[in-house]
Amino acid sequence: MINPIPLYQEMYRQMGPQYWWPADSKMEIVIGAILVQNTNWNNVDMALTNLRDETDLDIKRILKLSVEQLQSLIRPSGFYVNKSRSLRAVLAWFDQFDCDFEKMSAEYGSGLRKTMLALPGVGEETADSLLVYVFDQPAFIADKYTRTLFTYMGFRGLKTYSKLQKRIILPESFTYQDAQEFHGLLDEFGKKYLKDKQQFKDSFLGDFDKKLLTIN
């Protein structure tokens, strides 16, 4: 099992706060979490700009768009047919509760993640991102950058999201603010140092002792 807290502490010491997720509202985070799947943030930003210009990112206005209109607006993010279907389903779910996140958390309790996973186009990474950044609940987001980092650090068998996440043990003191910051640090580190293994070895984590993270 893995205790990632020493890694979190070292990254924060070296890199400082990252202030993630980059968005002006929680509903923008929801929309961005759908659109960012299988693409980069520059493409998402173009799609968000289109949606913002057309609807001011008001979900009721987005839901009133025709399928063709929505697909056209989010086209820069790629996979726009599937993403339009997912976006409409996810936003309709939030609209049922008037985007009252506390009410939704209370309604679903420990079943919130499972409920989100049942929505079209919502996988584990998206569900956990929403838990952390929208519902303010602590979770470990085991995205591709993070799996690559742990693999370069010497951990094996981390090809899928769940394989890493199931090995992570977070202390009770780990807050949703910590989860937000840790994910931001991991992603920013990934952009700078994880293009290949040599780049990682040259980084400040290149000689980090994996034993500090290992729980026997």
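Scroll up for the structure.
Residues numbered from 1 in each chain as written. Predicted model: local features only at pLDDT ≥ 70, side-chain atom pairs only at ≥ 80, totals over all residues. Heavy atoms only, no water.

Novice: Explain the packing of aromatic side chains here, please?
Specialist: Two measures describe an aromatic ring pair: the distance that separates the ring centres and the angle between the ring planes. Tallying each qualifying case throughout the model produces 20 aromatic pairs. With 5.9 Å between their ring centres and 20° between their planes, F94 and F135 make a pair best called stacked. Residue F94 is located in helix α6 (residues 80–96), and its partner F135 is located in the loop between α9 (124–133) and α10 (144–152); the two are separated by 41 residues in the primary sequence. Like F94, the residue F135 is buried in the burial classification. What links up through ring pairs into an aromatic cluster is the set Y8, Y12, F140, F150, F155, F174 and F182. Against the face of F155 rests K210, its NZ or CZ located 4.4 Å from the ring centre. (Phe/Tyr/Trp six-rings, centres within 6.5 Å; stacked < 30°, edge-to-face > 60°. Helix = DSSP H or I, 4+ residues; strand = E, 2+ residues; numbered from the N terminus. Buried < 20%, exposed > 50% of the residue type's maximum accessible area, 1.4 Å probe, protein only. Lys NZ or Arg CZ within 6 Å of the ring centre and 35° of its normal.)

Novice: What should I look at first to understand helix α3 (residues 41–55) in this one?
Specialist: When the terminal C-alpha atoms of α3 are compared, their 20 Å separation across 15 residues agrees well with the 21 Å that a helix rising 1.5 Å per residue should span. Buried residues of α3: V44, A47, L48, L51 and T55, and no others. Seen from one end, α3 has its buried residues packed into an arc of 100°, which puts them on one side. α3 presents N42 and D53 as exposed residues on the side facing more than 90 degrees away from its buried surface. Contacts from the buried residues of α3 go to α2 (26–35), α4 (59–64), α5 (67–74) and α6. The N-cap of α3, judged by a side-chain oxygen 3.0 Å from the amide nitrogen of N42 a few residues on, is N40. Positive phi appears at D56, one or two residues downstream of α3, with a value of about 60°. (Expected span 1.5 Å × (residues − 1). Arc of directions from axis to C-beta. Contact = heavy atoms within 4.5 Å. Polar contact = N/O pair within 3.5 Å; in protein donor to acceptor, adjacent residues only side chain to side chain.)

Novice: Hey, could you run me through the environment of W93 in this one?
Specialist: Secondary-structure assignment places W93 in helix α6. The class for W93 is buried, based on a relative accessible area of 6%. For the pair formed by W93 and M104, sequence separation is 11 residues and the distance between their alpha carbons is 9.8 Å. When near neighbours in sequence (up to four residues on either side) are disregarded, W93 contacts M104, Y108, L112, T115, M116, L119 and F135.

So, to be careful, I would describe these as geometric facts and stop short of saying anything about function.
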